[in-house]
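Single-letter residue listing:
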Amino acid sequence: MAFIAEDGTGLTAATSLVNVVDADAYFLDVGDTVWAGLTSGVKQQNLIKATRFFEQRYVLYGKRKSADQGVAFPRTGIADDFGNELVDQVPKQIKYGIAELALIVQTEPLFFTPALSAGTGGQITLKREKLGPLEEETRYQAKSESTAVKVERLLPNADRWFRGFVKIEIGR
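Residues numbered from 1 in each chain as written. Predicted model: local features only at pLDDT ≥ 70, side-chain atom pairs only at ≥ 80, totals over all residues. Heavy atoms only, no water.

Colleague: Can you explain the packing of helix H1 (residues 20–30) against helix H3 (residues 92–107)? Please cite residues and give values.
Modeller: Put simply, H1 and H3 touch, their axes get as near as 10 Å, and they point 85° apart. The orientation of H1 with respect to H3, classified from their angle, is roughly perpendicular. Across from Asp22, Ala23, Tyr26 and Phe27 in H1, the residues of H3 making contact are Lys95, Tyr96, Ala99, Glu100 and Leu103. For the contact of H1 with H3, the residue count by class is six nonpolar, no polar and three charged. (Axes fitted to C-alpha atoms, helices over the stretch in contact; angles between N-to-C directions. Helix = DSSP H or I, 4+ residues; strand = E, 2+ residues; numbered from the N terminus. Parallel < 35°, antiparallel > 145°, perpendicular 65-115°, else oblique. Contact = heavy atoms within 4.5 Å. Nonpolar A, V, L, I, M, F, W, Y, C, P; charged D, E, K, R; others polar.)

Structure follows, in structure tokens:
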């Protein structure tokens, strides 16, 4: 899949809400040096992953400008702080939040799936293995109808940028 950053026109092939130049400028402004050390290809991959995560985690105000655009922006029915409808742009706040998510992707996954046992359906709470003389122990969270495994990441550096653009965060 090619890296194609949305330019505000509703590109059907867009794979990211942010281009590398904008992400580079953001991290330069905030004094982050980790991002600068990444190759352009890695930055592009991280921005694609961050965009996908954003689009799966959040329910946005308004609706896509076009049904066949590749990413969530541009949108109709949503405006910036000055009342300007966002039909021809990706807001800078969204770009900043996506950049923050892209930096997180470099060191840890955004999507977290707890380890579940196929047999019990419960979350694994302890996994111990010993090689000699062979020993294995696995403990599971007790399964009950009222208990569901819910794992939610706190992403304050990104989430603060999305305020005003999202109705809810999926899972919250």
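From this point, the discussion proceeds with the structure in view.
Colleague: Explain unusual backbone geometry to me, using residue names and the numbers behind them.
Modeller: The omega torsion across Phe73 and Pro74 is 10°, close enough to zero to call that bond cis. Within the secondary structure, Pro74 is located in the loop between strand E2 (63–64) and strand E3 (75–76).

Colleague: Which residues make up the nonpolar core, and what values do they have?
Modeller: In terms of nonpolar packing, the biggest core is built from 38 residues, with Phe54, Phe73, Ile98 and Leu101 touching the most fellow members. Taken together, the elements giving at least two residues each to this core come down to H1, helix H2 (40–57), strand E1 (58–60), H3 and helix H4 (156–162). Among the elements that make up this core, the one with the highest residue count is H3 (eight residues). In this structure Phe54 touches Leu17, Leu60, Phe73, Ile94, Ile98, Leu101 and Phe162, once residues within four positions along its chain are discounted. (Core = buried A, V, L, I, M, F, W, Y, C linked by side-chain atoms within 4.5 Å. Buried < 20%, exposed > 50% of the residue type's maximum accessible area, 1.4 Å probe, protein only.)

Colleague: How would you sum up the packing of aromatic side chains? Please name residues and give values.
Modeller: What the rule picks out here adds up to eight aromatic pairs. Between the aromatic rings of Tyr26 and Trp161, the centroid separation amounts to 6.4 Å while the plane-to-plane angle is 85°, which identifies the pairing as edge-to-face. A residue pair is termed long-range when its members are at least 10 positions apart, and Tyr26 in helix H1 and Trp161 in helix H4 qualify at 135 residues. Ring pairs connect the aromatic residues Tyr26, Phe27, Trp35, Tyr96 and Trp161, which therefore count as one cluster. When the ring centre of Phe73 is taken as reference, the NZ or CZ atom of Arg75 above it lies at 5.9 Å. (Phe/Tyr/Trp six-rings, centres within 6.5 Å; stacked < 30°, edge-to-face > 60°. Lys NZ or Arg CZ within 6 Å of the ring centre and 35° of its normal.)

Colleague: Explain H1 to me, and be specific about the residues and the numbers.
Modeller: The set of residues buried in H1 consists of Val20, Ala23, Tyr26 and Phe27. One side of H1 holds all its buried residues, which, seen down the axis, span an arc of 125°. Turned more than 90 degrees away from the buried face of H1, the exposed residues are Val21, Leu28 and Asp29. For H1, the side-chain oxygen to backbone nitrogen distance between the N-cap and Val21 is 3.1 Å, and the N-cap itself is Asn19. Within two residues after H1, Gly31 carries a phi angle of roughly 80°, on the positive side. (Arc of directions from axis to C-beta. Polar contact = N/O pair within 3.5 Å; in protein donor to acceptor, adjacent residues only side chain to side chain.)

Colleague: Tell me about the pattern of salt bridges, residues and numbers included.
Modeller: Inspection of every chain in the model, using the stated rule, returns four salt bridges. Taking the shortest distance from any N to any O, the salt bridge between Glu55 and Arg64 comes out at 3.7 Å. Close ionic contact of Asp159 with Arg57 constitutes a salt bridge, the shortest N to O distance being 3.6 Å. Of this pair, Asp159 sits in helix H4 while Arg57 sits in helix H2, and the two are 102 residues apart along the sequence. The pair formed by Asp159 and Arg57 is uniform in burial state, with each residue classed as buried. (Salt bridge = Lys/Arg side-chain N within 4 Å of Asp/Glu carboxyl O.)

Colleague: Quick rundown of the side chain of Thr51? Include the residues and the values.
Modeller: Summarising the element assignment, Thr51 is placed in helix H2. Residue class for Thr51 comes out buried when judged on its relative accessible area of 1%. Apart from residues no more than four positions distant in its own chain, Thr51 is found in contact with Thr15, Ser16, Leu17, Val71 and Ile98.

Colleague: Could you give an account of the packing of H2 against H3, naming the residues involved and the relevant values?
Modeller: Between H2 and H3, the least distance of the axes is 8 Å, while the angle of their chain directions is 115°. Accordingly, the angle class assigned to the pair H2 and H3 is roughly perpendicular. As for how H2 packs across H3, the hand of that crossing is right-handed. Two secondary-structure elements touch here, H2 through Val42, Asn46, Leu47, Lys49, Ala50, Thr51, Phe53 and Phe54 and H3 through Ile94, Ile98, Ala99, Leu101, Ala102, Val105 and Gln106. Tallied by class, residues from the contact of H2 with H3 come to 11 nonpolar, three polar and one charged. (Left-handed = near helix turned anticlockwise from the far one by under 90°.)

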